[in-house]
Structures are given as C-alpha cells and as structure tokens.
Amino acid sequence: IEENEFLRETRGTFKLGIEFVNWGRRGDRYFHPFGEYGHDFHGIGFHQLFLRQKMLGNPDLGGIGDYSMSTMAAARSAFGRPSAGARTVVSELAYAFHFDAGLYAAYLRKMAERQGVIRREGRITRAHRDSQSGDVVSIELESGEQVEGDLFIDCSGFRGLLIEEELE
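Cut-offs used in this document
- Residues numbered from 1 in each chain as written.
- Predicted model: local features only at pLDDT ≥ 70, side-chain atom pairs only at ≥ 80, totals over all residues.
- Heavy atoms only, no water.
- Helix = DSSP H or I, 4+ residues; strand = E, 2+ residues; numbered from the N terminus.
- Rg over C-alpha atoms; globule rule 2.2 N^0.38 Å.
- Buried < 20%, exposed > 50% of the residue type's maximum accessible area, 1.4 Å probe, protein only.
- Contact = heavy atoms within 4.5 Å.
- Areas by Shrake-Rupley, 256 points an atom, 1.4 Å probe, with all protein chains shown as cover.
- Lys, Arg positive; Asp, Glu negative; His and termini not counted.
- Charge placed at Lys NZ, Arg CZ, Asp CG, Glu CD.
- Phe/Tyr/Trp six-rings, centres within 6.5 Å; stacked < 30°, edge-to-face > 60°.
- Core = buried A, V, L, I, M, F, W, Y, C linked by side-chain atoms within 4.5 Å.
- Pairing = 2+ DSSP bridges.
- Axes fitted to C-alpha atoms, helices over the stretch in contact; angles between N-to-C directions.

### Quick notes on the overall build of the protein chain
Inference 1: On a plain count of helices and strands, the protein chain comes out with four helices and seven strands.
Inference 2: Walking the protein chain from its N terminus toward its C terminus, one meets helices and strands in the order α-β-β-β-α-α-β-α-β-β-β.
Inference 3: Rg of the C-alpha trace for the protein chain: 24 Å, well past the compact-globule value of 15 Å for 168 residues, more than 25% over.
Inference 4: C-alpha atoms of the protein chain, sized along the principal axes, occupy 75 × 40 × 35 Å.
Inference 5: Looking at the protein chain as a whole, 19% of its 168 residues are labelled buried.
Inference 6: Of all intrachain contacts in the protein chain linking residues separated by at least 6 positions in sequence, the fraction that spans at least 24 positions is 42%.
Inference 7: Split by element, the accessible area of the protein chain, about 12,700 Å² in all, is 51% carbon and sulfur.
Inference 8: Charge separation in the protein chain, taken as the distance between the mean sites of 20 positive and 26 negative side-chain charges, equals 8 Å.

Below, the structure written as structure tokens:
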C-alpha cells in the first residue's frame, strides 16, 4: 500500500505515540512513544543504564522521554518521514497512523477490486470444510449459491462466523 495514497484515502495523519492522561491518578500524564529509548551499551539495556543513573541521583539525566525521538518530536509537534537506511538520528523516528476505519475499509475494497478480487454479499448459512485439514473449501449463502475458494476472510468480528462457529 502506497503510504501517500493510503493517507489521502483514509484522511489519515501520522502518530508518534499515545498519551495517557489521568491513567494512574488524576493529573498523571504518560506518553508511550512508538520506537526505542536511547541505545543499549555493551549488551546492557538502555532502561537499565537510565534507571541506574537515576538511582545514583544524576542531576543532568532528565526524563526517560528525553531519550526517545518519537517523544521529543511529538512534544514539538514535529515530524519528518525517516529515510530508509539513512544514518541520521531522524531515521530512528518510529510512527503509526490515525485514520478513519470506515474509509480504510472502503479503500481496501476499492484496491482489492482494482486487482481483480470478486466481492459477494450474502448471509452465510453453511461452511463446507476439507475432511482432513478442516480448512473451509466453500460456503453456502442464504440464496443457495455456493462459493468455492482458496482463501476465505472472516469479517464477522468477534462472532468469528467461519473460525468459531460450526455452521455444518
């Protein structure tokens, strides 16, 4: 999926982490960044080094977020796409997306149909399985139509119509 097209079609934005407000108690704030904190040193995890320095009372240490590219960029409302293979500090910026799920579903449908996927709507009344593997080999719709296939994607949510329920 081409990133610019995806963002345009889903009205998406970039996201550098998730902020939790009043999570532990009123007034608490915690920003959970996507990406790493600092760098490990000779096999010792950065968190261990940080906590050791904190325990020793290092006055110049700052907060753990000061060692996260995603935290620092988010605090400054700054963003730049990292270049693949770049040897700059920005190449370590990790991100995700915030997007409209309904627009995303429509985008995936349009993209799949453009590539030849045939979409059929209908209520599934029966799933036929391979006797040895248990894989779904065909489904039967309420209309009586039988649909064979190599791959069935269960989009029934928590109900798990094809993977949880026995329709036969």
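So that's the structure; there's more coming.
### Re the packing of aromatic side chains
Inference 1: One pass over the structure, following the stated rule, counts 15 aromatic pairs.
Inference 2: Between Phe-20 and Tyr-30, the aromatic rings sit 6.2 Å apart at their centres with planes inclined by 20°, giving stacked as the arrangement. Here Phe-20, found in strand β2 (residues 17-21), pairs with Tyr-30, found in strand β3 (residues 29-33); they are 10 residues apart in sequence, far enough to count as distant.
Inference 3: Aromatic ring contacts, followed pair by pair, group Phe-6, Phe-14, Phe-79, Tyr-95, Phe-97, Phe-99, Tyr-104 and Tyr-107 into a single cluster.

### What about the nonpolar core?
Inference 1: Ile-124, Ala-127, Val-136, Ile-139, Leu-141, Val-147, Leu-161 and Leu-162 together form the largest nonpolar core, which totals eight residues.
Inference 2: Counting residues per element, the ones that place at least two in this core are β5 (124-129) and β6 (136-141).
Inference 3: In terms of residue count, β6 provides more of this core than any other element does, three residues in total.
Inference 4: Among all residues touching Val-147, those that are not within four sequence positions of it are Arg-120, Val-137, Ser-138, Ile-139, Leu-141 and Phe-152.

### Points about the environment of Glu-36
Inference 1: Mapped onto the elements, Glu-36 comes out in the loop between β3 and α2 (46-55).
Inference 2: With a relative accessible area of 65%, Glu-36 lands in the exposed category.
Inference 3: Sequence separation between Glu-36 and Glu-92 is 56 residues; the distance between their C-alpha atoms is 8.0 Å.
Inference 4: Discounting chain neighbours no more than four positions away, the residues touching Glu-36 are Tyr-67 and Ser-68.

### Focus on the sheet that holds strand β7 (residues 146-148)
Inference 1: One open sheet accounts for three strands, arranged β5-β6-β7; its pairing is antiparallel. Of all strands in the sheet, those bounded by a partner on one side alone are β5 and β7. Across the sheet, the mean angle from the axis of one strand to that of its neighbour is 20°, orientation sign disregarded.
Inference 2: Pairing between β5 and β6: five bridges, direction antiparallel. Paired with Arg-129 across the bridge in β6 is Val-136.

### Let's talk about the pairing of β6
Inference 1: Between β5 and β6, which follow one another and run antiparallel, lie six residues, and Gly-134 among them has a positive phi close to 85°.
Inference 2: Bridging between β6 and β7 involves three bridges; their strand directions are antiparallel. Looking across to β7, one finds that Glu-140 is bridged to Gln-146.
Inference 3: In textbook terms, the turn of a hairpin is the stretch between consecutive antiparallel strands, and for β6 and β7 this stretch comprises four residues, one of which, Gly-144, has a positive phi near 100°.

### Side note on unusual backbone geometry
Inference 1: Within the chain, His-42 stands out as a residue other than glycine whose phi angle is a positive 50°.
Inference 2: Judged by relative accessible area, His-42 falls into the exposed class, the value being 71%.
Inference 3: Positive phi, close to 50°, is recorded for Ser-77, a residue that is not glycine.
Inference 4: Positionally, Ser-77 belongs in the loop between α3 (69-75) and β4 (96-98).
Inference 5: Among the residues examined, Ser-77 registers a relative accessible area of 74% and is labelled exposed.

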